[in-house]
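Structural overview
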Amino acid sequence: MDGDSSTVTSAATTVDSIADGLKNQSLDNNNHNEDTVSQNRVKLKLEELKWDHSFVRELPGDPMTDLTPREVLHACYTKVSPSTEVDNPQLVAWSDSVAELLDLDPQEFQRPDFPLLFSGASPLVGAMPYAQCYGGHQFGMWAGQLGDGRVITLGEVLNSKCQRWELQLKGAGKTPYSRFADGLAVLRSSIREFLCSEAMHNLGIPTTRALCLVTTGKYVTRDMFYDGNPKDEPGAIVCRVAQSFLRFGSYQIHASRGKDDFGLVHALADYCIRHHFPHLENLSKSDSLSFTTGQGDDSVVDLTSNKYAAWTVEVAERTASLIANWQGIGFTHGVLNTDNMSVLGLTIDYGPFGFLDAFDPSYTPNTTDLPGRRYCFANQPDIGSWNIAQFATTLSTAQLINDKEANYAVERYGTKFMDEYQALMTKKLGLPKYNKQLISELLKNMAVDKVDYTNFFRLLSNVKSDHTIPEDELLIPLKAVLLDIGKERRDAWTSWVKSYIKELSTTGVSDQERKHSMDSVNPKYILRNYLCQSAIDAAELGDFEEVRRLLRVMERPYDEQPGMEKYARLPPAWAYRPGVCMLSCSS
């Protein structure tokens, strides 16, 4: 027997050794592959970036170049250079992954002149700066011309994969679209935009990106609460990056000005399809894009016969998918005006945004939105539909699509949103299929007890699919988020968990497998407003390390990250003061 045992042990050891060897070989190969990819990666100096200027080259521009606030007619942009005054600008933070998108060597961030270049004080070789003209509905009311009032596009960089990336400097000075503002931005809002751009990307949500953030060394006067008490704040500039910053309002402004400008709407649509929706250029009947919207021959919408209709529907569906993702992750944009809606379906223009802490469907992070809560968390899906209707009406007005096609786009938005949202919530709960009653009951319970949205879903994966667990132990996995609840509420939650376990038991999926799946869609770390504020407070005193540390944590939101647990904590009492949990548009 001892001999048999020894043989078995020896065999097991040999198998383990072989397995370890293969594992190490695999790791070595992976490391070698990563090193090879790293070595093969194109790494350019700033002077070597491959600039292109398709927007300026292919679309009509403003013949005037003065910065006087004015109506800019019959033009999509105005050429204007950055003009912000600087005094020893400093690099606050940067994104290596965005640098990689541009083929930019990350060593370039260490250049002594980097802050000067990305504050706009020194011109970037190859750039051709301009400000875009657009309009929009603000809080449901047509506001006329808005435009880039403090954002200046430097141009588009083409990377080695032939991807087009537009670079903008936000806070770079006045433009003809500045109206009565100064064209500047403060460090407070710039940190928030920089961090949230990267946090949203790492959460898997379509978004504009941020390459870097620099201080200007100058102060900017802002009345944060619009209460007549302005104060001086440090100025800053963030470099935003996206494949395009075209918005719904980019089309609205020209359609609103009458038939003479319908050609601009047409040109902008052609430009957008050519560069960002090229698959729509040559549709054929074989693409099967015909849909019935009612009864009779006139109820058929054939998207293959009109690329603009197909484009409108795709914009609607991308927008629906985006907002479904917001609802799933607990993100509230705060200012869903049509000028803040990307035609690429990206999260754009980070102002007074907020992630849900305690679950509150009526939550709005924007003090300006408080009276009617138009842009509160629960309203975002309907506002998305309203905004799509305005976009479709614009294209219909400019005679690119007909009313039937416009209505169909709005219909597709609603269908796509529900499909995406239901699928996402099903994954968040680890369910085999969508269960409306179970999910509705859960959200109702969360609202009643003001349960932390992010932490609840992260802990939910610890619930075991085991009918034998004693009733008084069912809530143990959730005790960290079910705080200060009495017997009545405890009974309600126990009843829900029982129903949840019953549903889980039909999946045939192990607890471990389900936990892994749920943790991949329920983040441990989100960019809570109080975390931003802690980083802002330190940065305003000249310490940028917390901004950089927070960026690193938000780069891996779904990982446990041992040692970083404090970034997943519930907000402290001070987080509920004005200017932290709720903000104004003053930035």
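Residues numbered from 1 in each chain as written. Predicted model: local features only at pLDDT ≥ 70, side-chain atom pairs only at ≥ 80, totals over all residues. Heavy atoms only, no water.

Time to look at the overall build of the protein chain. Tallying secondary structure elements over the protein chain gives 16 helices and 14 strands in all. Here the C-alpha atoms of the protein chain give a radius of gyration of 26 Å, agreeing with the 25 Å that 2.2 N^0.38 yields for 587 residues. In terms of its C-alpha atoms, the protein chain occupies a principal-axis envelope of roughly 95 × 65 × 55 Å. Scored against the burial criterion, the 587 residues of the protein chain give a buried share of 53%. A separation threshold of at least 6 residues defines the contact pool for the protein chain, and within that pool the share at least 24 residues apart is 73%. A total accessible area of about 25700 Å² is found for the protein chain, and carbon and sulfur atoms account for 51% of it. (Helix = DSSP H or I, 4+ residues; strand = E, 2+ residues; numbered from the N terminus. Rg over C-alpha atoms; globule rule 2.2 N^0.38 Å. Buried < 20%, exposed > 50% of the residue type's maximum accessible area, 1.4 Å probe, protein only. Contact = heavy atoms within 4.5 Å. Areas by Shrake-Rupley, 256 points an atom, 1.4 Å probe, with all protein chains shown as cover.)

Before going further, it helps to spend a moment on the packing of helix H15 (residues 529-539) against helix H16 (residues 545-554). Taken N-terminus to C-terminus, the directions of H15 and H16 make an angle of 150°; their axes are 8 Å apart at the nearest point. On the basis of the axis angle, H15 is roughly antiparallel to H16. Side by side, H15 and H16 meet where Leu-531, Cys-532, Ser-534, Ala-535, Ala-538 and Ala-539 of the first sit next to Glu-546, Val-547, Leu-550 and Met-554 of the second. By residue class, the composition of the contact of H15 with H16 is eight nonpolar, one polar and one charged. (Axes fitted to C-alpha atoms, helices over the stretch in contact; angles between N-to-C directions. Parallel < 35°, antiparallel > 145°, perpendicular 65-115°, else oblique. Nonpolar A, V, L, I, M, F, W, Y, C, P; charged D, E, K, R; others polar.)

Helix H7 (residues 262-276) packs onto helix H6 (residues 248-255) with a crossing angle of 155° between their chain directions and a minimal axis gap of 7 Å. Between H6 and H7, the angle is such that the two are roughly antiparallel. The chirality of how H6 crosses H7 is left-handed. The residues of H7 that touch H6, namely those facing Ser-250, Tyr-251, His-254 and Ala-255, are Phe-262, Leu-264, Val-265, Leu-268, Ala-269 and Cys-272. Of the residues contributing to the contact of H6 with H7, the split by class is eight nonpolar, two polar and no charged. (Left-handed = near helix turned anticlockwise from the far one by under 90°.)

Next up on the list: H16. Taken residue by residue, H16 has Glu-546, Val-547, Leu-550, Leu-551, Val-553 and Met-554 as its buried positions. The arc that holds every buried residue of H16, seen down its axis, measures 160°, which confines them to one face. The elements touched by buried residues of H16 are strand S3 (90-94), helix H5 (187-203) and H15. (Arc of directions from axis to C-beta.)

We now examine helix H11 (residues 436-448). For H11, built from 13 residues, the straight-helix expectation of 18 Å at 1.5 Å per residue is met to within 8% by its first-to-last C-alpha distance of 18 Å. Leu-438, Ile-439, Leu-442, Leu-443, Asn-445 and Met-446 are the residues of H11 that are buried. Within H11, the buried residues cover an arc of 160° as seen down the axis, which keeps them to one side. Residues of H11 that are exposed and point more than 90 degrees away from the buried face comprise Lys-436 and Gln-437. At its buried positions, H11 is contacted by helix H10 (403-429), helix H12 (453-460) and helix H13 (487-504). Where H11 begins, the capping side chain belongs to Asn-435, and its oxygen is found 3.3 Å from the backbone nitrogen of Gln-437. (Expected span 1.5 Å × (residues − 1). Polar contact = N/O pair within 3.5 Å; in protein donor to acceptor, adjacent residues only side chain to side chain.)

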